[in-house]
Amino acid sequence: IAQVVASGPNFRNHAATQLIQSCIHEADQQIVLTTPYFVPDIATIVNLATAARRGIEVTVVVPRRNDSRLVALASRSNYGPLLEAGVRILEFEGGLLHAKTITVDRRIGLVTSCNLDRRSFDLNFEAGVLIFDTDFASNLRFLQQSYMERSVTVDLDDWNHRSRFRNILENAAGLLSPLL
């Protein structure tokens with residue numbers, strides 16, 4: 001019921017990102033992702049948006065305050081297309097949420113060291129445990145719900161009306177995202 005997946009630069013593989021993409025594609029009803037650093041590759045952004053457009057309830061939970069201002073700005077540069085596609089983005093207010101988890105339809109759970117960022121996908125050594133068990137996935141989803149209850153929802157209208165200066169800062173940081 002469990003599978004350990006490792007990735008890293010010496011493996012010459014893309015196991016971390018492929019595992020996340022597989023979880024997104026496996027969802028029939030709901031996928032919830034928690035991560036402290038949300039600076040994903042284009043494939044992850046497109047797949048999350050596509051899942052939301054096909055009727056999957058997609059929720060991404062990230063910290064409201066990050067330990068890196070630049071990463072926080074780069075993270076927010078990805079919000080627009082996701083919000084427009086119907087992805088629910090929540091910002092956790094209880095500190096730096098460091099949980100890196102995914103639940104798929106309360107049937108599959110992933111607990112990983114991998115952030116949703118390019119550094120984790122391409123440069124870092126990472127490991128994750130994919131668990132195919134409804135009891136485990138439901139318990140993990142319950143933990144995610146506790147994070148969601150301590151979060152604020154990013155509203156699309158508010159997002160579209162943020163200051164021009166803020167928008168420029170986020171987009172500039174987004175240009176640096178491959179380096180973060």
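Residues numbered from 1 in each chain as written. Predicted model: local features only at pLDDT ≥ 70, side-chain atom pairs only at ≥ 80, totals over all residues. Heavy atoms only, no water.

1. A word on the pairing of strand 4 (residues 57-63)
Step number 1: With respect to burial, strand 4 is a largely interior element, six of its seven residues being buried.
Step number 2: Two elements, strand 2 (residues 30-34) and strand 4, share five bridges in a ladder whose sense is parallel. Looking at the pairing, Leu 33 lines up with Val 60 of strand 4.
Step number 3: Taken together, the five bridges between strand 4 and strand 5 (residues 88-92) define a ladder with parallel strand orientation. Residue pairing in the sheet places Thr 59 in a bridge with Arg 88 of strand 5. (Buried < 20%, exposed > 50% of the residue type's maximum accessible area, 1.4 Å probe, protein only. Helix = DSSP H or I, 4+ residues; strand = E, 2+ residues; numbered from the N terminus. Pairing = 2+ DSSP bridges.)

2. Things to note about the nonpolar core
Step number 1: Ile 31, Leu 48, Val 58, Leu 82 and Ile 102 are the most contacted members of the largest nonpolar core, which has 36 residues in total.
Step number 2: For this core, the elements supplying multiple residues, two or more each, are helix 1 (15-26), strand 2, helix 2 (42-53), strand 4, helix 4 (79-85), strand 6 (101-104) and strand 7 (108-112).
Step number 3: For this core, the leading source of residues is helix 1, giving six residues.
Step number 4: Once residues within four sequence positions are removed from consideration, Leu 48 is found in contact with Ile 24, Leu 33, Phe 38, Val 58, Val 60, Leu 82 and Val 87.
Step number 5: If you look at the next biggest cluster of nonpolar residues, it comprises eight residues, including Val 61, Phe 92, Leu 97 and Tyr 147. (Core = buried A, V, L, I, M, F, W, Y, C linked by side-chain atoms within 4.5 Å. Contact = heavy atoms within 4.5 Å.)

3. Some remarks on the packing of aromatic side chains
Step number 1: Following the criterion strictly, the structure yields two aromatic pairs and no others.
Step number 2: Measuring from ring centre to ring centre gives 5.1 Å for Tyr 79 and Trp 159, while their planes differ by 45°; the resulting arrangement is tilted. Residue Tyr 79 is found in helix 4, and its partner Trp 159 is found in helix 7 (residues 156-160); the two are separated by 80 residues along the sequence.
Step number 3: Its relative accessible area of 1% is what places Tyr 79 among the buried residues.
Step number 4: Ring geometry for Phe 92 versus Tyr 147: centroids 5.8 Å apart, planes at 85°, classification edge-to-face. Highlighted residues: Phe 92 in strand 5 and Tyr 147 in helix 6 (residues 134-149), separated in sequence by 55 residues.
Step number 5: Just above the ring of Trp 159 sits the side chain of Arg 162; from NZ or CZ to the centre is 3.7 Å. (Phe/Tyr/Trp six-rings, centres within 6.5 Å; stacked < 30°, edge-to-face > 60°. Lys NZ or Arg CZ within 6 Å of the ring centre and 35° of its normal.)

4. Comments concerning empty space enclosed by the protein
Step number 1: Following the criterion strictly, the structure yields three cavities of 30 Å³ or more and no others.
Step number 2: By volume, the largest cavity amounts to about 70 Å³.
Step number 3: Together, Val 5, Ala 6, Ser 7, Ala 16, Leu 19, Ile 20, Leu 110, Thr 112, Cys 114, Glu 126, Ala 127 and Gly 128 line the largest cavity.
Step number 4: If you list the elements that add at least two residues to the lining of the largest cavity, you get strand 1 (2-7), helix 1, strand 7 and strand 9 (126-132).
Step number 5: Along the lines of polarity and charge, the residues of the lining of the largest cavity split into eight nonpolar, three polar and one charged.
Step number 6: Considering only enclosed or pocket space, the second largest cavity measures out at about 60 Å³ in volume.
Step number 7: Around the second largest cavity, the lining residues are Pro 36, Tyr 37, Phe 38, Val 62, Pro 63, Arg 64, Asn 66, Ala 72, Ser 75, Arg 76 and Tyr 79.
Step number 8: Contributing elements (two or more residues each) for the lining of the second largest cavity: strand 4 and helix 3 (69-76).
Step number 9: Per-element tally for the lining of the second largest cavity: the top contributor is helix 3, with three residues.
Step number 10: Here the lining of the second largest cavity is composed, by residue class, of seven nonpolar, two polar and two charged. (1 Å grid on protein atoms, 1.4 Å probe; cavity = no way out; pocket = protein on both sides within 12 Å on 5 of 7 lines; lining within 4 Å. Points joined across faces, edges and corners; volume = space filled by probe spheres on them. Nonpolar A, V, L, I, M, F, W, Y, C, P; charged D, E, K, R; others polar.)

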